[in-house]
Structures are given as C-alpha cells and as structure tokens.
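Coordinate inspection notes
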Amino acid sequence: MDSLGIKLSKVTILGILIIFSILQALYNALLPIYLDEAYYWVWALRPEFSYYDHPGMVAWIIYPFTLIANNEFTIRLSTVICMSVTVWYLVKVSLEAFQQQQDRDTAWYVFFIFIANPAVHMGYVFITPDSPLMMFWAAGLYYTFMAFKYGKTRYFIISGFLVGAMMLSKYAGVLFPAAVFIYILVCRRDVLKDYRLWLSLIIAVLCLFPIVYWNYQNDWISIKFQYNHGTSKGFTFAGWDFILFILGSLFVIPTPVFGYVFLKYLSLKDYLRNKEVLYFVFLALVPMLFFFYKGFFKKMELNWIIPAFISSIVLIGYAVAKYKMKKAFKYGMILSIFLVIVLKLAPVLPFPAQLNIAERLIGYKEAVLEFEKYILDDDLIFSDHLTTASMLTFYLPDHPMTHINVPSRFSQYTLWDAKDGIFNFDKRGIYFGKYDAYEFLKQKYRYVIPIDVIKVTPYNAFEKKFYVYRCIPKG
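Residues numbered from 1 in each chain as written. Predicted model: local features only at pLDDT ≥ 70, side-chain atom pairs only at ≥ 80, totals over all residues. Heavy atoms only, no water.

For clarity, the cut-off: UniProt positions are given in the numbering used here, feature names are shortened, and annotations may be inferred rather than shown by experiment.
Under an unreviewed UniProt entry, the name given to the chain is Glycosyltransferase family 39 protein, and the source organism is Candidatus Mucispirillum faecigallinarum. We quote the UniProt Subcellular location (unreviewed entry) comment for the chain here in full: "Cell membrane".

1. A look at the overall build of the chain
Rules: A run of DSSP states H or I qualifies as a helix once it reaches four residues; a run of E qualifies as a strand once it reaches two. Both are numbered from the N-terminal end. For a compact globule the rule gives 2.2 Å times the number of residues to the power 0.38, and the radius of gyration it is set against comes from C-alpha atoms. A simple rule labels every residue: compare its accessible area, found with a 1.4 Å probe on the protein chains alone, to the largest value its type can have, and call it buried under 20%, exposed over 50%, or partly exposed in between.
When its secondary structure is counted, the chain shows 21 helices and five strands. For the chain, whose C-alpha radius of gyration is 24 Å, the value lies close to the compact-globule estimate of 23 Å for 475 residues. Projected onto its principal axes, the C-alpha positions of the chain cover 80 × 50 × 50 Å. Among the 475 residues that make up the chain, the fraction classed as buried is 57%.

2. Considering the side chain of D130
We apply this condition: Polar contact is the term for a pair of N or O atoms within 3.5 Å; when the atoms are in protein, one must be able to donate a hydrogen and the other to accept it, and sequence-neighboring residues count only if both atoms are side-chain atoms. A contact between two residues is defined here by any heavy atoms of the two lying within 4.5 Å.
Note on placement: D130 falls in helix 7 (residues 130-150). Polar side-chain contacts of D130 include one of 2.6 Å to the side chain of K170. Within the structure, the side chain of D130 is placed 2.8 Å from the side chain of N303, a separation counted as a polar contact. Apart from the residues lying within four places of it in its own chain, the contact partners of D130 are K170 and N303.

3. Observations regarding unusual backbone geometry
A positive phi angle, close to 60 degrees, is found at D219, a residue other than glycine. Assignment of secondary structure puts D219 in the loop between helix 11 (209-217) and helix 12 (221-230). The backbone of D398 sits at a positive phi, close to 65 degrees, despite the residue not being glycine. With respect to the helices, strands and loops of the structure, D398 is situated in the loop between helix 19 (386-395) and strand 2 (402-404).

4. Here we look at the nonpolar core
Our working rule: Put simply, buried Ala, Val, Leu, Ile, Met, Phe, Trp, Tyr and Cys residues joined by side-chain atoms within 4.5 Å make one nonpolar core.
Core analysis: the largest hydrophobic core is formed by 109 residues, its most contacted members being F114 and F280. A total of 14 residues in this core trace back to one element, the largest contributor, which is helix 7. When sequence neighbours within four positions are dropped, the list of residues in contact with F114 reads M83, T86, V87, L90, V120, M134, F309, I310 and I313. Grouped together as the second largest cluster of nonpolar side chains are 36 residues, I127, A367, Y413 and F466 included.

5. Overview of the pattern of salt bridges
When their charged atoms lie close together, side chains carrying opposite charge are able to pair. Just so we agree on the cut-off: Any carboxyl oxygen of Asp or Glu that lies within 4 Å of a side-chain nitrogen of Lys or Arg is treated as forming a salt bridge with it.
This structure, assessed with the given rule, holds 14 salt bridges. In this structure, D190 engages R188 in a salt bridge whose closest nitrogen and oxygen atoms are separated by 3.1 Å. With relative accessibility at 19%, the residue R188 sits in the buried group. Between D219 and K224 there is a salt bridge; the shortest N-O distance is 3.6 Å. The exposure class of K224 is partly exposed, given its relative accessible area of 41%.

6. A look at the pairing of strand 3 (residues 429-433)
Successive residues of a regular strand alternate their side chains across the two faces of the sheet. Note the threshold: Being paired, for any two strands, means DSSP has found at least two bridges between them.
Summarising burial for strand 3: five of the five residues are buried, a large majority. In the sheet, strand 1 (residues 380-383) pairs with strand 3 via three bridges, with the strands oriented parallel. Bridge pairing links I381 to I430 in strand 3. Pairing geometry for strand 3 and strand 5 (residues 464-472), over five bridges, is antiparallel. Across the sheet, the residue bridging to F432 is V468, located in strand 5.

Here is the structure:
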C-alpha cells in the first residue's frame, strides 16, 4: 500500500493482528469483570440450548475457556478471538471485492479504521452477544459475497451455516438474510433460480433448532421478551431518544470523521452502477434503517446497530481509497486513537465519577470479598438483581450459584430459581444486594438478621453500598 508506505500483504496484516490481539488480551486481565459479562459467564456454567435474554452462542463461546480458568483474562479470550476474526474477514472481503488498482488500498484502510475504532476496543474487552454476532456477520459478509461472485457450492453452504450462527448469537442476526434478499431482488434476481441459495436458507433455518426447541419448552418467552423489548406499544415519536440514537449511530460508533466519510460516500451515489459495491450498501443500510424506524417510536441502544457498522466500515475504507480522502483518514485516525487512549486509561484517569466510563466496573470485587467472611457452610447465597448475583458467583471462591429471592426483573435467574425451588423461601441463606430488602424478607422468613451494610468508595467512582442479611426460614 503505497499511500501508507506498507506493502499490501495478508501476512503483514495477520502479523499486526496477532500482536494487536495479544496486547488486547493482556490489557483485559487488568480490568474487573463487567456486570453483563458476569451474567453471560454464569450462563456458560449452566449450558442450555438458549436463554431468556438472548440465544445461547455467547455462553457456548465462553464455555471452552471456563475449562481453562475462570478469570477475566481467560473469559475475555473469547471476545478477543471474535473481534480478530471479524477484522480478518473484513480484510478478506475487501481484498476480494476491490481489485482494481485504484481501490486496492481499501483492505488496509478497513483494517486500520477498524482496529483504531473506540467501539471496537470495547468489543475487544467485553464479551457480549454482540461479539459472536460481529464475527459471524463479517464471515457471512465474505462467504455470501464469494457465493454470488464465483457461484461455488461450498460458499453457499458455509454462508448458510454462518447465517444460522448469526441468529444463534442474537435475534438481530435475522437482518443479514433480510438485507441479502432485498439485495437479490434489486440487483441479482438471477440467483433466485439457483437451488443452492435455497439450500443455504434451509441450512440457516435448521441451525435455529436450539432456539426453537428451548422456546417451545418455555412458552416462547425469549422471543416474546425480545419483541416487546425492541418494539413500541404505540406510534408516539421518541423525541430526543431518537435524535440521539441517529447521531450516535452515524457519528459516535464510527467516530465523527468516519461517519462523515460514510455519509459523503452515500451522497456520491457511484455505487448505483456497481452491483458488487451495492452489496455492501444494502448490508449496511437495511439494518441501519430498520433500527432507525424502530428508534422513531422507542429508545434503542447503540450496540443494537453494530451489524450496520460492520458492513458500513467496508464502504468507509473503500471511499477513502477511491476518492483519495487521505486527510479524512489522517484526522479520523488521530481522533480514534485519542479516544482509544482515553478509554484504555479511564480507570486511572482523574475523571469525576459521573464522567468515568469505567465506573460500572469498579468496586464490586472489593464489596464481594468483604461479604465473603459472613458466609457460613451450606448457606445459599441470595441477591436482588441478575448482575449482582453474577458478580457474587464470579468473585466468591469456588463460584457458588447465587439466587434471587426478592422482587426483580425477569431473567434467566427467574427460570433457574423456579426450577431449583428457591421461591419456596424454605432454604437458609445470606442476602447481599443493593436493595434494602429487609421489609420484604421478613415477610418470607422466620428471622431476618441484619449483618452489615458494606460500603466501597473506589477512586473516581460512585460509592457502592450493599445490604447484608441472614435469612432463617419458617418451620
């Protein structure tokens, strides 16, 4: 790549990626577990076909690493692998799609823009359902493109399995085949006559067996939850939530400079004459416009639009290469690297707690270790919320299963605790939670004994306060 002074080579990219991944993995060992990460890790301790909040892929990916050790480093190796595979397939599809001399730099631009992106760095740290979704989306982007370009059966078959894996990662994975079929209807109707397209679709549907079987056994509660979670009950304009979601999707996730490059490229409309480039346009815009529509009526979370970012980053790299947008690339990288440095140093920088983006990581471990001394042999551990319960299981020695014995939002713990008989309130145990549950607990147990109020005030973070009660059952 002449513009960067580096010879274009997959080997070079792979070497940089391996070093980058090792450094990320080492950095991950320094950070406490994140609340949601602990929850997904607990899923891996109790493997199932699917779960209430999401399909099972995130737990299945974490599970092999629990066989090595249960700590921040090993658990997060799963997301390091996911993100590295993601960028590798983005490079591969860029090399395959943009082979003209003036476009050959696209893969390099895609690679550097991706690994310098602040949102990507968060993905490299925290294992969530977005991690496998991104990996399978990028791989699917490559193999589906290869299937359309070369028409080889193996590409169609692999693509089918990858689409299934996307939907086993997160329900939003269904947007990939939706976008592909819209692209086919507009640009590649000839593929509709190819039986291998339908074979690929059948394979993807068959991959959904774990989700369907689990939901069938559990009254379809996961599908109902996700539908209600992401769908408004009416058609009232969401106001500032919508505006902030639009701005975040276009300028926060890709960063302002590269968001500008994306919009600038879309305004040029040169992709209208190129079916191969249109493939990436459809894979970016369909999920983006879907969530924009949903966000018009209900608050959306920024991470939900990640699939659109995966596809659009190829277009951003292509636009920089094709139109020689070297200044945009330079300033975009400077801003991205600056933001990444702030992210990486956030736990030790002297930010006030309300501005500290690492605030939700800090203080839980210290509180749990303080709580440990109150636990007696054969005590059941109780808590008030899925994330606090997961933190307890993660940081306590031997990782005892924690239960929720006070009113809390429905979660996988609700299903487990019902199965384990915890809601009979006939088990002795000790309660640890942010919620002062004394009034509720004393209605359910014979004795509720106050033990402690644990307070932890970490550096540049809000005070964490937890109530501790011993619960003695009736009878």
